[in-house]
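Observations on the three-dimensional arrangement
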Amino acid sequence: MDIFEHIDQEEKRDDVPDFSPGDTVKLLIKSGDSSRRAQPFEGIVISRRGSGSQETFTVRKISHGVGVERTFPVHSPSLEKIEVLKRGDVNRAKLFYLRERKGKKARVREKRGPRPLQGEELSEEPAGSAEEIEESAAVTEEAEETGAEPAEDSE
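As the structure is a computational prediction, the values presented were derived from the model and not from experiment.

A word on the overall build of the protein chain. What the protein chain contains, in helices and strands, is two helices and five strands. Helices and strands in the protein chain line up, N terminus first, as α-β-β-β-β-β-α. By residue count, 24% of the 155 residues in the protein chain fall in the buried class. Partitioning the intrachain contacts of the protein chain with sequence separation of at least 6 by distance along the chain shows that 53% fall at a separation of at least 24. Total accessible area computed for the protein chain in this model is approximately 11,900 Å², and 46% of it derives from carbon and sulfur atoms.

Rendered as structure tokens:
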């Protein structure tokens, strides 16, 4: 590892959640020298660029009818916390088209799937072993052939 990679690793934060364009995030920004109160900034991530300690992301929100965009370094010490509120279901890496849209047309679909939000765990229980799945499928097929209802296992 050369000196640049070593410095890059030292500058990175380890508490950055997994987020991507389309996600709604809430940022707590330290204001100035006083770390008494952090300013919240909540909006949709419209782009993420760069890599390593130089990586940045842009967040867009509507404040009093005016669109506000701010670009933050991912590993900035002035960001106290990054919290992912919603996962967006988008098909692009850059969502600059949201700049021209207003109201309901500027909404982003929420992703439905197994990727949990920060601090959450998957609530789905594992389906079981492969043998159990095959056995239940065989019982269902057998019941369909005979026209009978499959028997429920009593646990």
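Moving on to the environment of Lys 26. You can see Lys 26 is positioned in strand β1 (residues 24-30). Lys 26 sits 14 residues away from Pro 40 along the chain, and the two C-alpha atoms are 6.7 Å apart.

Time to look at a nonpolar patch on the surface. A contiguous nonpolar patch, built from Ile 3, Phe 4 and Ile 7 and spanning about 340 Å² of accessible area, is present on the exposed surface. Position of Phe 4 among the secondary structure elements: in helix α1 (residues 3-11).

Moving on: the layout of surface pockets. Of the volumes computed, that of the largest pocket is approximately 500 Å³. As for the largest pocket, its lining consists of 25 residues, and the residues nearest its centre are Ile 44, Arg 60, Ile 62, Ala 106 and Arg 107. Every element with two or more residues in the lining of the largest pocket is listed here: β2 (38-49), β3 (56-63) and β4 (66-73). In terms of residue class, the lining of the largest pocket is built from seven nonpolar, seven polar and 11 charged.

The rules we used
Residues numbered from 1 in each chain as written. Predicted model: local features only at pLDDT ≥ 70, side-chain atom pairs only at ≥ 80, totals over all residues. Heavy atoms only, no water. Helix = DSSP H or I, 4+ residues; strand = E, 2+ residues; numbered from the N terminus. Buried < 20%, exposed > 50% of the residue type's maximum accessible area, 1.4 Å probe, protein only. Contact = heavy atoms within 4.5 Å. Areas by Shrake-Rupley, 256 points an atom, 1.4 Å probe, with all protein chains shown as cover. Patch = residues over 30% accessible without salt bridge, like charges linked within 9 Å, V, L, I, M, F, W, Y side chains within 5 Å. Salt bridge = Lys/Arg side-chain N within 4 Å of Asp/Glu carboxyl O. 1 Å grid on protein atoms, 1.4 Å probe; cavity = no way out; pocket = protein on both sides within 12 Å on 5 of 7 lines; lining within 4 Å. Points joined across faces, edges and corners; volume = space filled by probe spheres on them. Nonpolar A, V, L, I, M, F, W, Y, C, P; charged D, E, K, R; others polar.

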